[in-house]
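Listed here are the chains, written in short residue letters.
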Amino acid sequence: MNKENFSVVGKDVQRIDAADKAFGRVKYTGDISIPGVLHAALHTSDYAHAKIKSIDTVKAWEVPGVQAILTGEEVPLLVGPLLADRPILAQKKVRYYGEPVAMVVADTIQHAKQAANLIHIDYEELPVVNSPGEAILPNAPLIHEDLGTYKVQVEGVHAIPDSNIANLTKIRKGNMETGWNESDITIETDLSFSPSDHAALETRVARVEILPDDRVMIYSSTQGPFYIKKLFSQFFNIDAGKISVHTPMLGGAFGGKGTVQLEFLAYVASRAVGGKMVKIQNSREEDLITSPVHIGLEAKVKLGASSDGKLKAAAFEFLFDSGAYSDMGAGMSKAGAVDCTGPYRIDHVTCDSHCVYTNHPYATSFRGFGHNELTFVMERAMDILAAKLNMDPLELRLANAIKPGDTTPTQTHLNASNIGDVSSCIKKLKQLINWDEGQQITTNDGKIRTKGISSFWKTSSTPPNATAGVILTFNRDGSVNLNCAAVELGQGTKTVLAQILAERLKMDMKKIHVTMEVNTQYDPHQWKTVASSTTYLAGRAVIAAAEDVIKQLKNTASIVLKCLPDDLDVANGMVFIKDSPEYGIKIKDVANSYKYPNGNSIGGLVIGEGSHVVRHLTPLDPETGFGKPGPQWTVGAQAVEIEFDPLDCTYKILKAATVLDAGKVINPNAAIGQMRGGMYLGLSWASRESFTFDDNGKVLNPKLRSYDILRFSEAPEYLVDFVETPLVDGPFGARGIGEYGVIGMAGALANSLSLACGTNMNQLPLVPELIWRKRGGS
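A brief structural summary. (Residues numbered from 1 in each chain as written. Predicted model: local features only at pLDDT ≥ 70, side-chain atom pairs only at ≥ 80, totals over all residues. Heavy atoms only, no water.)

Topic: the sheet that holds strand β2 (residues 50-56)
Here is step 1 of the chain: One open sheet holds the three strands; their spatial order is β7-β2-β9, and the pairing between them is antiparallel. At either margin of the open sheet sits one strand with a lone partner, and together these are β7 (93-94) and β9 (120-125).
Here is step 2 of the chain: Both β2 and β9 contribute to a ladder of six bridges, which runs antiparallel. Paired with Lys-51 across the two strands is Glu-124, which belongs to β9. (Pairing = 2+ DSSP bridges. Helix = DSSP H or I, 4+ residues; strand = E, 2+ residues; numbered from the N terminus.)

Notes on the side chain of His-294
Here is step 1 of the chain: Mapped onto the secondary structure, His-294 falls in the loop between α8 (284-289) and β17 (296-305).
Here is step 2 of the chain: A residue is classified by how much of its surface remains accessible, and His-294, at 0% relative accessible area, is buried.
Here is step 3 of the chain: Within the structure, the side chain of His-294 is placed 2.9 Å from the side chain of Ser-196, a separation counted as a polar contact.
Here is step 4 of the chain: Side-chain polar atoms of His-294 contact the side chain of Glu-373, separated by 2.6 Å.
Here is step 5 of the chain: Once you skip the residues sitting within four places of it in the chain, His-294 turns out to touch Pro-195, Ser-196, Asp-197, His-198, Ala-363, Phe-366, Glu-373 and Trp-685. (Buried < 20%, exposed > 50% of the residue type's maximum accessible area, 1.4 Å probe, protein only. Polar contact = N/O pair within 3.5 Å; in protein donor to acceptor, adjacent residues only side chain to side chain. Contact = heavy atoms within 4.5 Å.)

Considerations on empty space enclosed by the protein
Here is step 1 of the chain: Within this structure, the stated rule accounts for six cavities of 30 Å³ or more.
Here is step 2 of the chain: Approximately 80 Å³ is the volume attributed to the largest cavity.
Here is step 3 of the chain: In terms of lining, the largest cavity is formed by Arg-204, Val-205, Ser-220, Ser-221, Thr-222, Gly-256, Lys-257, Thr-259, Val-260, Gln-261, Leu-262 and Glu-263.
Here is step 4 of the chain: A per-class count over the lining of the largest cavity returns three nonpolar, six polar and three charged.
Here is step 5 of the chain: Taken as a whole, the second largest cavity spans an internal volume of roughly 70 Å³.
Here is step 6 of the chain: Lining the second largest cavity we find 13 residues, and of these Arg-86, Pro-87, Ile-88, Pro-100 and Gln-261 sit closest to its centre. (1 Å grid on protein atoms, 1.4 Å probe; cavity = no way out; pocket = protein on both sides within 12 Å on 5 of 7 lines; lining within 4 Å. Points joined across faces, edges and corners; volume = space filled by probe spheres on them. Nonpolar A, V, L, I, M, F, W, Y, C, P; charged D, E, K, R; others polar.)

Considerations on the pattern of salt bridges
Here is step 1 of the chain: What the rule picks out here adds up to 33 salt bridges.
Here is step 2 of the chain: Here Lys-664 ties to Glu-724 by a salt bridge, and the two come within 3.9 Å at their closest N and O atoms. Taken together, the residues span a long stretch of sequence, with Lys-664 in the loop between β33 (650-661) and α17 (668-687) and Glu-724 in the loop between β34 (717-723) and α18 (740-743) at a distance of 60 residues.
Here is step 3 of the chain: Accessibility expressed as a relative area gives 12% for Lys-664, which makes it buried.
Here is step 4 of the chain: The exposure class of Glu-724 is partly exposed, given its relative accessible area of 36%.
Here is step 5 of the chain: One salt bridge in this structure joins Glu-714 and Arg-688, with 2.5 Å as the shortest N-O distance. Here Arg-688 lies in the loop between α17 and β34 and Glu-714 lies in the loop between α17 and β34, a separation of 26 residues in the sequence. (Salt bridge = Lys/Arg side-chain N within 4 Å of Asp/Glu carboxyl O.)

Focus on the packing of helix α10 (residues 371-389) against helix α11 (residues 393-400)
Here is step 1 of the chain: Running from N to C, α10 and α11 point in directions that differ by 110°, and their axes come no closer than 9 Å. With respect to α11, the element α10 is oriented roughly perpendicular. Taking contact as the criterion, the partners of Glu-379, Met-382, Asp-383, Leu-385, Ala-386 and Leu-389 in α10 are, on α11, Pro-393, Leu-396 and Arg-397.
Here is step 2 of the chain: Of the residues in the contact of α10 with α11, the class split is six nonpolar, no polar and three charged. (Axes fitted to C-alpha atoms, helices over the stretch in contact; angles between N-to-C directions. Parallel < 35°, antiparallel > 145°, perpendicular 65-115°, else oblique.)

Observations regarding the layout of surface pockets
Here is step 1 of the chain: Considered as a void within the structure, the second largest pocket measures approximately 510 Å³ in volume.
Here is step 2 of the chain: In terms of lining residues, the second largest pocket is bounded by 27 residues, among which Ser-194, Ser-690, Phe-691, Gln-763 and Leu-764 are the most central.
Here is step 3 of the chain: Elements represented by at least two residues in the lining of the second largest pocket include exactly β12 (185-193), β17, β35 (763-764) and α20 (768-774).
Here is step 4 of the chain: Counting residues per element, the lining of the second largest pocket draws most heavily on α20, at three residues.

Here we look at the packing of aromatic side chains
Aromatic ring pairs are defined here through the distance separating the ring centres and the angle between the ring planes.
Here is step 1 of the chain: For the structure on display, the rule yields 20 aromatic pairs.
Here is step 2 of the chain: For the ring pair Phe-236 and Phe-264, a centre distance of 5.8 Å and an interplane angle of 70° mean the geometry is edge-to-face. In this pair, Phe-236 sits in helix α6 (residues 225-236) while Phe-264 sits in helix α7 (residues 262-272), placing the two residues 28 residues apart along the sequence.
Here is step 3 of the chain: Summarising the aromatic geometry, the rings of Tyr-325 and Tyr-362 are spaced 5.9 Å apart at their centres and angled 80° between planes, so their arrangement reads as edge-to-face. (Phe/Tyr/Trp six-rings, centres within 6.5 Å; stacked < 30°, edge-to-face > 60°.)

Description of helix α15 (residues 534-561)
Here is step 1 of the chain: For α15, built from 28 residues, the straight-helix expectation of 40 Å at 1.5 Å per residue is met to within 8% by its first-to-last C-alpha distance of 38 Å.
Here is step 2 of the chain: Where α15 ends, the next residue or the one after it, Lys-562, has phi of about 55°, a positive value. (Expected span 1.5 Å × (residues − 1).)

Section: the nonpolar core
Here is step 1 of the chain: Ranked by size, the top nonpolar core spans 90 residues in total, and within it Leu-303, Phe-316, Phe-318 and Phe-644 carry the most contacts.
Here is step 2 of the chain: A total of 10 residues in this core trace back to one element, the largest contributor, which is α10.
Here is step 3 of the chain: Apart from residues no more than four positions distant in its own chain, Phe-644 is found in contact with Lys-447, Ile-448, Cys-649, Thr-650, Tyr-651, Leu-753, Ala-756, Cys-757, Ile-771 and Arg-775.
Here is step 4 of the chain: Within the second largest apolar cluster, 61 residues are counted, among which are Met-249, Val-514, Cys-563 and Tyr-594. (Core = buried A, V, L, I, M, F, W, Y, C linked by side-chain atoms within 4.5 Å.)

A short note on the pairing of strand β15 (residues 243-247)
Here is step 1 of the chain: Of all five residues in β15, five are buried, a share of seventy percent or more.
Here is step 2 of the chain: Side chains Ile-243, Val-245 and Thr-247 of β15 all project onto a buried face; the interleaved residues Ser-244 and His-246 project onto the opposite face, where all are buried too.
Here is step 3 of the chain: Pairing analysis gives four bridges linking strand β14 (residues 216-220) to β15, with the strands arranged parallel. Looking across to β15, one finds that Ile-218 is bridged to Val-245.
Here is step 4 of the chain: Viewed along the sheet, the connection from β14 through α6 into β15 turns out right-handed. (Right-handed = clockwise from strand over helix to strand, strands pointing away.)

Describing a negative patch on the surface
Here is step 1 of the chain: Taken together, the side chains of Asp-566, Asp-567, Asp-579 and Glu-582 make up a negatively charged region of the molecular surface.
Here is step 2 of the chain: By the secondary structure assignment, Glu-582 is in strand β28 (residues 580-586). (Patch = residues over 30% accessible without salt bridge, like charges linked within 9 Å, V, L, I, M, F, W, Y side chains within 5 Å. Areas by Shrake-Rupley, 256 points an atom, 1.4 Å probe, with all protein chains shown as cover. Lys, Arg positive; Asp, Glu negative; His and termini not counted. Charge placed at Lys NZ, Arg CZ, Asp CG, Glu CD.)

Focus on the sheet that holds β28
Here is step 1 of the chain: In space, the three strands of this open sheet follow the order β26-β27-β28, with antiparallel pairing throughout. Lying at the two open borders of the sheet, with one neighbouring strand each, are β26 (568-571) and β28. The mean inter-strand angle of the sheet, taken between neighbouring strand axes irrespective of direction, is 35°.
Here is step 2 of the chain: Two elements, strand β27 (residues 574-577) and β28, share four bridges in a ladder whose sense is antiparallel. What sits directly across from Met-574, in β28, is Lys-586.

Details of unusual backbone geometry
Here is step 1 of the chain: With an omega of 0°, the peptide bond between Leu-764 and Pro-765 qualifies as cis.
Here is step 2 of the chain: Tracing the backbone through its elements, the reader meets Pro-765 in the loop between β35 and α20.
Here is step 3 of the chain: A positive phi is found at Asp-162, a non-glycine position, where the angle reads about 60°.
Here is step 4 of the chain: Given a relative accessible area of 62%, Asp-162 falls into the exposed group.
Here is step 5 of the chain: A positive phi angle is found at Asn-572, which is not glycine, with a value near 55°.

Some details on the environment of Leu-489
Here is step 1 of the chain: Here Leu-489 is to be found in the loop between β23 (480-484) and α14 (493-505).
Here is step 2 of the chain: Along the primary structure Leu-489 and His-513 are separated by 24 residues, whereas in three dimensions their C-alpha atoms are 18 Å apart.

Some remarks on the packing of α17 against helix α19 (residues 745-757)
Here is step 1 of the chain: It is at 8 Å that the axes of α17 and α19 come closest, and there the two elements cross at 55°. By the angle between their axes, α17 is oblique relative to α19. Read as a crossing pair, α17 and α19 show a hand that is right-handed. The residues of α19 that touch α17, namely those facing Met-679, Gly-682, Leu-683, Trp-685, Ala-686 and Ser-687, are Met-745, Ala-746 and Leu-749.
Here is step 2 of the chain: Among the residues making up the contact of α17 with α19, the classes are represented as seven nonpolar, two polar and no charged. (Left-handed = near helix turned anticlockwise from the far one by under 90°.)

Written as structure tokens, this is what we have:
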């Protein structure tokens, strides 16, 4: 469609939840108080790796109000989204510091916590695996002795029995011998970072009640209500129709609420007390270390290029630190492999990406899903290569930018629609950050200002049958109710979907009413609200539902207006004859049946339905990685400008910039906000955030006063711009944009800082002490 014809799409529309949030009317899962609800509290492990010799609950039972105490013996079940390797409560041994070992259900949260603290557990310590590098050594202790017996839940997970490797993804493209022979210059480097956290404002919380007719009512702060329903049916053998999941708006998630943990605990707690409603809510410390975290990584990369800077070959080894259990780490290690090269054409590629068990808190999805990690690796390598070539790092990226006609590491063929325009993003970024003024400048007071850049891409790692559905109904005034299962977690999804519907129905946004809470009992199915896929999936479903109601409205109106349905159009609350717009009928008069003056009625309720499913995806070949892992790629370029003080190795982030090929920007202000929020998250992770472990695997900074995050006063100036290369099958050409502000920040910051301090900064977080040590401090 011609963009000049858009009336709502591409316009700055205020978020539909803005007023409710501003006035504090929004109720989150933890805000809702239910009379008579019981409370659960966890007793967690003080050891990262130890056998459970005995559990003494005698004193805990003496606390008033205690109704149940559960241990792993009462819940002999293994769960997991991709590989069923995790007990709901530890069985026989603990595998990370903070792992739930026992759970108390009591009348009040105070009594539950008091009793949980009185549980005594006798442990026998085991050797700790404190890094993925240690985990793959030949003599490394096995964290999962029964790995070979675990059930694979999703095709494409390849665990290696008698090892600490939960999944191995291989990429083999071209011929490496040819690639190295064609290379005049090669570079090799190692990079790493430890696990960190999502640090969402709202901690995870769940309530579960089992009704007398065996219906299971789940109330959860989750990104995947239908995913919870699926896993409950699968692991507890409950009819799916008897499971109802309710989710209001979320107070942040960043991927961390796409997994299922507290919901399992609340269910077995409710089952233990006769089905009464039980609530479990993380403290901040539990949210940091007991619930899943952001994955760590140790990586090796080797690049080969011709003397004029053309990339010829690339070899990667990724050791993703998934912690004690695989959860979504198996998927993130795969995602890191399929896009390992970044948005560059390289004909000869090899990658071995491992999901590795360690005795750290286990990892789950984090905004970017493996791409922040691979991009940090690739973009640091690109700057190192540029230095060796004595070539401008921006020009190196331009010379190698992937384009239509090229293929990805998994050998998917690219076109203008599914890849977009990397080169235009880089060129626009060059202007946005005034690259030509110089990459490095020394100020009058001896400080060093530098700019670093990165390019990035990401395909959504969705299952091949990921779906979204939408139902539309009409009110008596002709306004429309939009009902879908997309979860509003701060990203503005519901507003964008309303804009898409308003555009297709040519209707005022004020006439669109969106259901904010998700209830799987009456909402149409949606996979999850993750992977930057909601605007694409649910947006297509919205358009399909709109087409459905337009057809129904025309059919009824054509009888009233005595014409063919094809003679009619719908706009501005009317159904009218195209070539004679003065002849028409109001939508409100036909949407709920049309009544003639004589009392006869025709038509009926107009109820629109629409859905969309991801198509043409294929599994990856286990030996070569050949296949199509995602529907399309979103690409972009980012930059960070810093001011470095060589006297004390401190630095200030001055500017952060993003140029993204968004396909079509549905809501510019919201899109800019998405990019700014993502840049903040990426910079905080890169510059500050990391768990500190002692030699025994204990987390030493489990509180927000010791787990450091970027403060508001330290935020830089944010610069955002867009390129618009339409995605052919996207809603009005739109691509997913939710995660992309994060992805290249670590690489751009590390590149800028490496130039400023004169040494390769290949380890995150980029704290002054690390810089001092890298520069020779002792």
